[in-house]
Amino acid sequence: MTTKSSSVRAGGKGARGGGRRRTGSTAPASGRPATEAAELVQLLTPEGERAEHPDYSIDLTPEQLRDRYRDMVMVRRFDGEAVTLQRQGELGLWASLLGQEAAQIGSARAMRPDDYVFPTYREHGVAWCRDVDPLTLMGMFRGVSHGGWDPNENNFHLYTIVIGSQTLHAVGYAMGIAKDGADAAVTAYFGDGASSQGDVSEAFNFASVYNSPVVFFCQNNQWAISEPTERQFRVPLYQRAAGFGFPGVRVDGNDVLAVEAVTRWALDHARSGGGPVLVEAYTYRMGAHTTTDDPSRYRLSAEQEQWKLKDPIARLKALLTREGIADHDWFETVDAEAEQLAKRLRDGVRSMPNPEPSSLIFDNVYTEPHALVDEERAAYRRFAESLADAEQEGGR
Amino acid sequence: MTTKSSSVRAGGKGARGGGRRRTGSTAPASGRPATEAAELVQLLTPEGERAEHPDYSIDLTPEQLRDRYRDMVMVRRFDGEAVTLQRQGELGLWASLLGQEAAQIGSARAMRPDDYVFPTYREHGVAWCRDVDPLTLMGMFRGVSHGGWDPNENNFHLYTIVIGSQTLHAVGYAMGIAKDGADAAVTAYFGDGASSQGDVSEAFNFASVYNSPVVFFCQNNQWAISEPTERQFRVPLYQRAAGFGFPGVRVDGNDVLAVEAVTRWALDHARSGGGPVLVEAYTYRMGAHTTTDDPSRYRLSAEQEQWKLKDPIARLKALLTREGIADHDWFETVDAEAEQLAKRLRDGVRSMPNPEPSSLIFDNVYTEPHALVDEERAAYRRFAESLADAEQEGGR
Amino acid sequence: MATETMPLMKAINAGLRKALEEDPKTLLMGEDVGRLGGVFRVTDGLYKDFGEERVVDTPLAESGIVGTAIGLALRGYRPILEIQFDGFVYPAFDQITTQLAKMHARALGKLRMPVTIRMPYGGGIGSVEHHSESPEAYFAHTAGLRVVSPSDSSDAYWMLQQAVRSDDPVLYLEPKRRYWQKGALDTAAEPSIGLHQARVHRPFEGDAPADLTLIAYGPMVKTCLDAAAAAAAEGRRLEVVDLRSISPIDFDTVQACVEASGRALVVHEAPVFGAIGGEVAARITERCFYSLEAPVLRVGGYHAPYPPAKAEEEYLPGVDRVLEAVDRSMAY
Amino acid sequence: MATETMPLMKAINAGLRKALEEDPKTLLMGEDVGRLGGVFRVTDGLYKDFGEERVVDTPLAESGIVGTAIGLALRGYRPILEIQFDGFVYPAFDQITTQLAKMHARALGKLRMPVTIRMPYGGGIGSVEHHSESPEAYFAHTAGLRVVSPSDSSDAYWMLQQAVRSDDPVLYLEPKRRYWQKGALDTAAEPSIGLHQARVHRPFEGDAPADLTLIAYGPMVKTCLDAAAAAAAEGRRLEVVDLRSISPIDFDTVQACVEASGRALVVHEAPVFGAIGGEVAARITERCFYSLEAPVLRVGGYHAPYPPAKAEEEYLPGVDRVLEAVDRSMAY
Ligand SMILES: Cc1ncc(C[n+]2csc(CCOP(=O)(O)OP(=O)(O)O)c2C)c(N)n1
Ligand SMILES: Cc1ncc(C[n+]2csc(CCOP(=O)(O)OP(=O)(O)O)c2C)c(N)n1
Ligand SMILES: [Mg+2]
Ligand SMILES: [Mg+2]
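Residues numbered from 1 in each chain as written. Chains lettered and ligands numbered in written order. Predicted model: local features only at pLDDT ≥ 70, side-chain atom pairs only at ≥ 80, totals over all residues. Heavy atoms only, no water.

Threshold: UniProt positions are given in the numbering used here, feature names are shortened, and annotations may be inferred rather than shown by experiment.
Under an unreviewed UniProt entry, the name given to chain C is 3-methyl-2-oxobutanoate dehydrogenase (2-methylpropanoyl-transferring), and the source organism is Mangrovactinospora gilvigrisea. As recorded by UniProt, the Cofactor (unreviewed entry) comment attached to chain C reads in full: "thiamine diphosphate".

In the nomenclature of an unreviewed UniProt entry, chain A corresponds to Pyruvate dehydrogenase (Acetyl-transferring) E1 component subunit alpha from the organism Mangrovactinospora gilvigrisea. In its Cofactor (unreviewed entry) section, the UniProt record describing chain A reads: "thiamine diphosphate".

## Here's the deal with the UniProt feature "domain: Dehydrogenase E1 component" (unreviewed entry) in chain A
Note the threshold: Numbering of helices and strands runs from the N terminus, with a helix taken as a DSSP run of H or I at least four residues long and a strand as a DSSP run of E at least two residues long.
The UniProt record annotates "domain: Dehydrogenase E1 component" (unreviewed entry) at residues 70-350 of chain A. Spanning residues 70-350 of chain A, this segment combines 48% helix with 11% strand, and its end C-alpha atoms are found 26 Å apart.

## What to know about the packing of helix α6 (residues 165-180) of chain B against helix α3 (residues 62-74) of chain C
A pair of packed helices is characterised by two quantities: the angle between their axes and the separation of those axes. Put simply, the test is: Angular values range over 0 to 180 degrees, each being the angle between N-to-C directions of two axes fitted as lines to C-alpha atoms, with helices fitted over their stretch in contact. Working rule for angles: under 35 degrees goes down as roughly parallel, over 145 as roughly antiparallel, 65 to 115 as roughly perpendicular, anything else as oblique. Crossings are sorted by hand: turned counterclockwise from the far helix by less than a right angle, the near helix makes the crossing left-handed, and turned clockwise it makes it right-handed. Whether two residues are in contact is decided by their heavy atoms, any of which lying within 4.5 Å being enough.
Two elements in contact, α6(B) and α3(C), have axes separated by 6 Å at closest approach and are oriented at 55°. Between α6(B) and α3(C), the interaxial angle falls into the category oblique. Here α6(B) and α3(C) pass one another in a crossing that is right-handed. Residues B:Leu168, B:His169, B:Val171, B:Gly172, B:Tyr173, B:Met175, B:Gly176 and B:Lys179 of α6(B) form the contact with α3(C), whose participating residues are C:Ser63, C:Gly64, C:Gly67, C:Thr68, C:Ile70, C:Gly71, C:Leu72 and C:Leu74.

## With respect to the site of ligand 2
Rules: Residue proximity to a molecule or strand is established when one non-hydrogen atom of the residue lies within 4 Å of it. Two N or O atoms form a polar contact when they lie within 3.5 Å of each other; inside protein one atom must be a possible hydrogen donor and the other a possible acceptor, and for residues adjacent in sequence the pair counts only when both atoms belong to side chains. Here the accessible surface of atoms and residues is derived via Shrake-Rupley with a 1.4 Å probe, and residues count as covered only by protein chains that are part of the display. Any residue that is not Ala, Val, Leu, Ile, Met, Phe, Trp, Tyr, Cys, Pro, Asp, Glu, Lys or Arg is counted as polar, Gly included; the first ten are nonpolar and the last four charged.
In the vicinity of ligand 2 lie 20 residues, with B:Tyr121, B:Arg122, B:Ile161, B:Trp223 and D:Glu62 positioned nearest. Mapping the residues near ligand 2 onto chains gives chains B and D. Take B:Tyr121: an N or O atom from its side chain is 2.7 Å from an oxygen atom of ligand 2. Between ligand 2 and the protein, one listed contact pairs an oxygen atom with a side-chain N or O atom of B:Asn221 at 2.8 Å. In isolation ligand 2 exposes 580 Å². Once the protein is present, 95% of that is buried. Residues belonging to the shell around ligand 2 are distributed by class as follows: ten nonpolar, six polar and four charged.

## Description of the interface of chain D and chain C
Test applied: Defined in terms of a 1.4 Å probe, buried area is the accessible area two parts forfeit on being brought together, summed over both. By definition, a salt bridge exists where a carboxyl oxygen of Asp or Glu is found within 4 Å of a side-chain nitrogen of Lys or Arg.
Of the residues lining the interface, 49 residues belong to chain D; the matching set on chain C comes to 49 residues. Carbon and sulfur atoms supply 62% of the area buried between chain D and chain C, which totals about 4200 Å² over both sides. Among the residues chain D hides against chain C, the three largest losses belong to D:Tyr138, D:His141 and D:Phe273. Together they make up 19% of the total. Summed over the shared surface of chain D and chain C, the result is eight salt bridges. Between C:Lys102 and D:Glu133 there is a salt bridge, with its nearest N and O atoms 2.5 Å apart. Applying the counting criterion to the chain D and chain C interface returns 15 residue pairs in polar contact (both at pLDDT 80 or more). Within the residue set of the side of chain D that touches chain C, elements represented by two or more residues are α4 (93-100), α5 (103-106), α6 (136-140), β12 (245-247), α10 (276-287) and β14 (297-301) of chain D. Looking at the side of chain D that touches chain C, the element that brings in the most residues is α10(D), giving seven residues. In the side of chain D that touches chain C, the residues fall into 27 nonpolar, twelve polar and ten charged.

Below, the structure written as structure tokens:
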């Protein structure tokens, strides 16, 4: 497989600093980079019409198209439920994926079971495709665990909160795949903000030098909490790949078909010995950064309105309808299914048992007995018992 | 000033991983990248003939040309003396610049006094141009200080040993210049190996985002201790700049004229509001990494022989001779001057006083009194005195 | 009359404002410190009033933040950095320990690093992983840094001024669970207490020496004061030394207290093993060996990663654990 | 007969060879560990014999080395990393503390991190800045890591085997100034002592308890043994506890010794303030309060950046400073 021409066009455009008047060093260097339509791989327009692209195409069966739609509706529904549960005090926090459903479902559905995924903290749609129960995700945000699923069960690593760290883990895992002579690939998710972290550049570099089978999948949702992308980069991010020696592609992140097509290509490229690929899914964080955030402090709602017109679900629905792949009844069935899921989660969260604290604190610090941990666990138990005794006696 | 076309041509070539057979992940992805002549700015051939370049030129007076020659001879001579002094046990270590004289003299002579320099540990030639006494440098390698010069005296920061760190300091300093509305610029030196450090990528990014007046000057001397450049990058390094949004140029690092021309351009670009530039000076570390290193363990002497043919000093000497700018007598004067310098340094190192240890240890940990340091200093003094007493009494 | 009652967080905000007003070379830098005003709103309003040249949203890269601040300091600026959460300081660890902390010594005194690093720390707010840690021991062990932590609004304001004015790098640790704790602040009169002096609270009646000296800083000062109040109700006299500064530590004050009381207990949220409590205990024992009625005890976090929120109450030292340790000490 | 006399460095080399031979999932990774055999030649010959898939020269990026090793461990590998010098571990600090150390706990035990990080540490070799540091306190304070340091050839070899076999991340600190110190090594019989057990040396005559217990690890064990020998000549009985493991610490052995001797002195190169010595002192005092004749004293580095080579002799604890502290302790 050779590199597709469209996927590498960094460089020349990168060097557009010349001639700019200096205004002061900490004012951003440029306005927000224009979305140049030509750069963006798109196979489904915001209006739900199929588009052609010289390098990427995808041929999904009607059933697959319905599946993608169903996936997106389900994850949007449970994401919304989580926001509600947080407002009700059932979760400590939630990071909503609203608006990023196509980027996540499209990329996740491009993967094989033996591929491995390294997510950030917002990949609920990817988790869904890797069969992680949304209830387990909610448990993490409720505070009963730092994750709770077994990453090796579905080749889906734990959420990583320290920005960028997981990209290096992904590369290491991919190095291991190559050593094993396996033909799986790895996907490392990260955000536009994360691209500024040294770890992410080191990951690009290790992957390039070792030609590792890893796809760096950036969801450029335009914001890193309150900071717009011009605080993170000055030229479109996908162009960074070329400087590290591998292809970069920008795809319409709200177009589930284009995302799946590009990711499939990238994974194939990686697994067949082509080395890493950077995919920049150009999308938008429709909600707050997390439930504690207040976007009205830093962005205009007009921007959000603009992006509503590019909604990933509405877009696929229009296609399904236009092409007669699904009808009103089918859409209603999906909605009902989503409601059922929401109910299960609501009930599940509300009745979620609290774990035993001492086990949560002490049991997995080390794999084997450890003198200090044992000592502290014993002290904790003695104290807890004395408290319980005191309470029985009427307390202090 | 607009970006010169020759300086930006990353991208397309970057993506050449496709179709490569996977051999295992930790085998390097490719052979050593070929030196493509077209990429390399050169104004003086290895044979000492002037060359033309469409984008870069320089017009030095005969005196300036002689000065450059003299600079290079002087620094090579004192560098060699330092190696000798280390062998004789007078220095603990020395990192030789042998082979990199043109990269350092050319770039340093392109700077103005109000520009600021952030060196690594090998920039003895740059230090020379910034009027740091080589004896002071040798003091550092002898172990009497961690530097010893006042960086603000000649706008030449201390040597930084932790690879890559100084590139961020350089960007911060440049951000400050811009805030001040000054028109100076900063040069950050670093090596091919350093390019792998996260800090260097972060520096590229901050400089790009804040459009800071900084020139990243990489001496690609082909080796990071024992590791060849294919362990650090897969496509020519200067191409990395484009992906961060600023121009990158590769210059023949053994051609003092080209280095000066390109660096001047880059500094002007930076100081006139154009933002950062990456200059990759393609050169060769002719000596060992440091005096403790043994290159025969990892590289063939044939490679070194090859590079001898491109010697930066011989090359300029040929030009000076051919064009009648200097004659045999003048060359002899320079050599004699270099010998004098060497003698002064030899004598200076041998008679260098040891600093008072307690002052070296305690005096500059903080700018103001500090309870703990004061306590420890007092304890140290008591102990030192008791030792001295004991010795007077015939010792323990 | 400049005395007001305000939450600790607002006192920091007022303190930052003062620092920006007084010295044109000061700047704030960090992630989301600008338009958003920080994830806790500590820098609220400052971007609006001082502009993007003074209140600088940075790329998402902690090493870059500290590294460029070092360069700005070399150029004569006085950067005040924000690290968004305790658990995100580690990418900057190299720049802090090998560069920021050592620059003055490396340069034989010819360079100064007037950089303040603000960082919310500690647990108790029900947060997700990495948002509740107490990493102060790493920094206290690092020569060249000064490490302080206020426990009330007045200290929050005034210690910030002292930190910013210092020509040494100062790590200014903000007890995030106390951000909303109200306290009096007089912005007109600078207190005479130095940045590195401890303050002694004796929340009990009479002048007789305390039965035991509690030693704490930052968020645990309130916990200890609560414990002392509870103990006072039972007739036990616990004094509380608010260290305020973790590096250096005001051992003269500590020594005077413990020599009188004969018993000491150090309390912090950080895991006990290898933390500041050990240093304090060891040094008290060196200085007060013949006065000690009991070994200096320590209460703190366990040798374990900070647990999920549902277990944090059990992980964190609370009044009960403090009093249990007091009982143990008194039993000697 | 497998007993040989060899320098500590060669014992590590032999130990690495054994680890590579025994388990095909082990790999060495680091800067210059391949063709060069490391800047100290500790990995000499291994690249030649095991090839570039097992002995991996990495890009110059410590965070990348640890971060990719975590990924390799997740894939079932057992990476043995080299950090070239103590002062260069900090760029990897984030990956070590927030990822490597916490992964097992984060995953509720479902993931294991069998990663060994080898790192030469300590001073005394006349090196330039950053090449002589003792950063062990940072790592000992970090839950989830195990931290060990051998002091002789046999331990160097066998503790490395135990470290590599451990499913927890182990920081294996190599006392670089002792690299050339020769010692006996029997590669045939694995000693029965565990990785985290201390070893007691009593280099004096007779069975009576020691006058004082010296506690050290790594490079300072030899210094303490030398001090004990010098003291023995004067009739003073100093025992030396070689901790071997810095996290966890074998306090049972320490306690038994100090209960008998009544006096203890902890010696390490790391700056004393906030280091392991404080932890040892505090815990000994907790455990042996009524046995102590004197406060546990500490001798170590000063609260200052490691100085230029010409001052290191004055900075580093040597036999004289140890004996001076012994005198101080005995004076109680
Ligand atoms: C090392 C580190 N620094 C800071 C943070 C705090 N933080 C959490 S999310 C975030 C913004 C991330 O932006 P981006 O990478 O674009 O991802 P998004 O949230 O948009 O999905 C920040 C600064 C962190 N988690 N880790
Ligand atoms: C963070 C860090 N890691 C490792 C080292 C050890 N080290 C010193 S020089 C060097 C190689 C540097 O190579 P390069 O950047 O190409 O510069 P050169 O020595 O060739 O001038 C290494 C690995 C270091 N100084 N700092
Ligand atoms: Mg984002
Ligand atoms: Mg090099």
